[in-house]
Amino acid sequence: MTCRRLVLPVLCLLLAVLGTAGQAQAVGYRYWSFWDRDATSNTWVYATQGPSTARPSDGDVQGFRFSVSEDSKDSAKPRGAADFATICAKTPAREGSKRVGLVLDFGTTADAPSGSTPPRLRTACARVDDDATTADALAAVAKPLRYDTNALLCAIAGYPTTGCGEPVADDRPKASASPGEEAENNSADGDGKGGPSVGLLAGIAAVAALGAAAVWQARRRRD
């Protein structure tokens, strides 16, 4: 009887751990993220302002990436070339205006809404007034744009046709990583096959060890 009293709670805990392992799924959101290109480090940095308030300078490069992510920490970065000289090579400077290089990454099929095919990544050089915002630059080269009632950017160049920041259960295949991110992601995620995490396996092993110890203690007292 002692053995039963000791073992059952441990077994219940083990079953609880196993049960939640299959049910726990992170929830992400499908949306357009907004990025600034740091000219010094030549890397993408998540924008601290929205496109409707950010006012880029002549020669700046900014990017948009459509993907599913939980927050800015795991959001996919724009891919492809992001060099201002290349993007705006055919757009000469003009007094009273500025040029902004834009990288528009429509994401992968893994991130696309059901039944949608993402357009190919493209770049554009927007020539706008000196006081124009990023939203103005985007409107100059990538219409139609779609916003929700809270001014959240929902679609660029008409993509996607529906939806805006909707939650998505994170049981999809991972989106393609930006250049330089793939090795880091593989290192962090293991083999990427979606199996139990190392922490989960360690927790199960610990609970199993507790169960074995409880059985041993019960037998020792009984003998």
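Quick caveat: nothing in here was measured; it's all calculated off a predicted structure. (Residues numbered from 1 in each chain as written. Predicted model: local features only at pLDDT ≥ 70, side-chain atom pairs only at ≥ 80, totals over all residues. Heavy atoms only, no water.)

A. Geometry of the state of the cysteines. Enumeration over the complete set of coordinates arrives at two disulfides. The residue that forms a disulfide with Cys-88 is Cys-125, at a sulfur-sulfur distance of 2.0 Å. One disulfide, between Cys-88 and Cys-125, carries an S-S torsion of 100° and so falls in the right-handed class. Residue Cys-88 is found in the loop between helix 2 (84–87) and strand 4 (97–105), and its partner Cys-125 is found in strand 5 (residues 122–129); the two are separated by 37 residues along the sequence. Each disulfide pairs two cysteine sulfurs, and for Cys-154 the partner residue is Cys-164, the sulfurs being separated by 2.0 Å. Linking Cys-154 and Cys-164, the disulfide has an S-S dihedral of approximately -75° and is accordingly described as left-handed. Taken together, the residues span a long stretch of sequence, with Cys-154 in strand 7 (residues 153–155) and Cys-164 in the loop between strand 7 and strand 8 (167–169) at a distance of 10 residues. The class of Cys-164 is partly exposed, set by a relative accessible area of 25%. Numbered by order of appearance in the sequence, the disulfide-linked cysteines of the protein chain pair as 1-2, 3-4. (Disulfide = S-S within 2.5 Å. Helix = DSSP H or I, 4+ residues; strand = E, 2+ residues; numbered from the N terminus. Buried < 20%, exposed > 50% of the residue type's maximum accessible area, 1.4 Å probe, protein only.)

B. Region of interest: the pattern of salt bridges. Per the stated rule, a full pass over the model turns up four salt bridges. Put simply, Asp-105 and Arg-65 hold a salt bridge, and the shortest N to O gap is 3.5 Å. Here Asp-105, found in strand 4, pairs with Arg-65, found in strand 3 (residues 61–69); they are 40 residues apart in sequence, far enough to count as distant. Both residues of the pair, Asp-105 and Arg-65, count as buried. Each of Arg-65, Arg-79 and Asp-105 takes part in a single network of salt bridges with overlapping partners. (Salt bridge = Lys/Arg side-chain N within 4 Å of Asp/Glu carboxyl O.)

C. The arrangement of empty space enclosed by the protein in detail. Here the structure, examined in full by the defined rule, presents one cavity of 30 Å³ or more. Space inside the largest cavity adds up to approximately 40 Å³. Around the largest cavity, the lining residues are Arg-30, Tyr-31, Trp-32, Phe-66, Leu-153, Cys-154, Pro-160, Gly-163, Cys-164, Gly-165 and Glu-166. Elements with a contribution of two residues or more to the lining of the largest cavity: strand 1 (27–38) and strand 7. The leading source of residues in the lining of the largest cavity is strand 1, at three residues. Across the lining of the largest cavity, the residue classes break down as seven nonpolar, two polar and two charged. (1 Å grid on protein atoms, 1.4 Å probe; cavity = no way out; pocket = protein on both sides within 12 Å on 5 of 7 lines; lining within 4 Å. Points joined across faces, edges and corners; volume = space filled by probe spheres on them. Nonpolar A, V, L, I, M, F, W, Y, C, P; charged D, E, K, R; others polar.)

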